Amino acid sequence: MSRSKPVVIVTRKLPDAVETRMRELFDTTLNLDDKPMSQAALVKAVGQAQVLVPTVTDRIDAALIGQAGEQLKLIANFGNGVDNIDVAAAARKGIAVTNTPNVLTEDTADMTMGLMIAVSRRLQEGGQKLASGNWKGWSPTWMLGHRIWGKRLGIVGMGRIGTALARRARAFGLSIHYHNRNKASEQVEEELEATYWESLDQMLARMDFISVNCPHTPATFHLLSKRRIALMQPEAVIINTARGELIDEDAMITALEQGKLAGAGLDVFEHEPAVNERLLRLSEQGKAVILPHMGSATIEGRAEMGDRVIINIRTMFDGHRPPDRVLPIDS
Ligand code: 8YV
């Protein structure tokens, strides 16, 4: 591989320290005004770059990859989820794809726990009442939420984030249940006193909280389908800090509106960045706490994501296998 600096194009504004280091190491083009790149600008970028550094907001589909020049060797995603990238199409063209795992696990698990508490204890509603000058003083029957201690949490996807959530939830007195393609190790199950459900349907019907923590792939699209949402208890709360596409959003909204679900804490949406008007109304009514995809948004996490991107580029252009290589699902 050539000893000259690899040509890197970054699609969004990254933290200054990350950008500076990338400029030192690579022939880097930055996007300082942070305006998402148009499809035409992306086509131009894949025609020039040896490395493209996209984020969740860029659609790197087969059509775009088809227009990439021979020089494009790596798509180094600034993010963990790669559902924005057609990894198989990249592989067919000999383009490697990497992501930034591990470094956003704890922050995302914190946000998931935060949403569980916010929904159950009505944090957003209470804060809004106070901010709007409507607080008349303490009352024994005002702003009552629900206790989370002693409740059951069902985690859909017991990977890194699911496990980190389970550890937190144990400390909050929740009992841990999970559904995953594979059963966790005996050691993990013992540590978390976790109960494995092979049947997602069976688990959904029994939980007080359901948190989805799996990646979005063709197999997990609408994993919480209308039929499955209907299995849940009316007191149950759904939390999603993974991807909006994992839940049939329309069916979830209808269940919330009809009182067939008690609440939702959502950091991600099916048609992001658009947010369904009905969800906005549910948020005003205190039935949903909704956040603008900020689960991994910490200064520390973003810096570490930048480190992972740099390590992946550097390793590959030093002639080695990048550590965070993502392979196509079927390979
Ligand atoms: C990131 C995320 O902020 O990494 C992910 O999968 O969903 C986010 O929390 C985003 O992907 C940045 O590209």
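Residues numbered from 1 in each chain as written. Predicted model: local features only at pLDDT ≥ 70, side-chain atom pairs only at ≥ 80, totals over all residues. Heavy atoms only, no water.

Some thoughts on the sheet that holds strand 11 (residues 263-266)
With parallel pairing, 7 strands are arranged side by side in an open sheet as 8-7-6-9-10-11-12. The sheet terminates laterally at strand 8 (195-196) and strand 12 (288-290), the two strands that pair on one side only. Sheet topology places strand 7 (residues 175-179) next to strand 8; 2 bridges connect them, and they run parallel. Paired with Tyr-178 across the strands is Tyr-196, a residue of strand 8. (Pairing = 2+ DSSP bridges. Helix = DSSP H or I, 4+ residues; strand = E, 2+ residues; numbered from the N terminus.)

Remarks on the domain arrangement of the protein
What the domain assignment reports for the protein is domain 1 (7-103 + 299-317) and domain 2 (105-290). In this structure, domain 1 and domain 2 have C-alpha centres spaced 31 Å apart. Facing 8 residues of domain 1, the contacting portion of domain 2 comprises 6 residues. Between domain 1 and domain 2 lies a buried interface of about 580 Å² when both sides are counted; carbon and sulfur atoms form 31% of it. Across the domain 1-domain 2 interface, the total number found is 1 salt bridge. Residue Arg-243 pairs with Asp-83 through a salt bridge whose shortest N-O separation is 3.2 Å. Here the side of domain 1 that touches domain 2 is built from residues that sort into 3 nonpolar, 4 polar and 1 charged. (Domains from an automatic or database assignment. Contact = heavy atoms within 4.5 Å. Buried area = accessible area lost by both parts, 1.4 Å probe. Salt bridge = Lys/Arg side-chain N within 4 Å of Asp/Glu carboxyl O. Nonpolar A, V, L, I, M, F, W, Y, C, P; charged D, E, K, R; others polar.)

Brief notes about the sheet that holds strand 4 (residues 74-76)
Sheet strands pair by backbone hydrogen bonding; their relative direction is either parallel or antiparallel. Strand order across the open sheet formed by 5 strands is 2-1-3-4-5, with parallel pairing between neighbours. In this open sheet, the two edge strands, each paired with only one partner strand, are strand 2 (27-29) and strand 5 (96-98). Averaged over all neighbouring strand pairs, the angle between strand axes comes to 15°, with direction disregarded. As paired strands, strand 4 and strand 5 are joined by 3 bridges and run parallel to one another. In the strand pairing of strand 5, Ala-76 is matched with Thr-98. Relative to strand 4, helix 13 (residues 299-317) is tilted by about 160°, and along the sheet it contacts strand 1 (7-10), strand 3 (51-53), strand 4 and strand 5. (Axes fitted to C-alpha atoms, helices over the stretch in contact; angles between N-to-C directions.)

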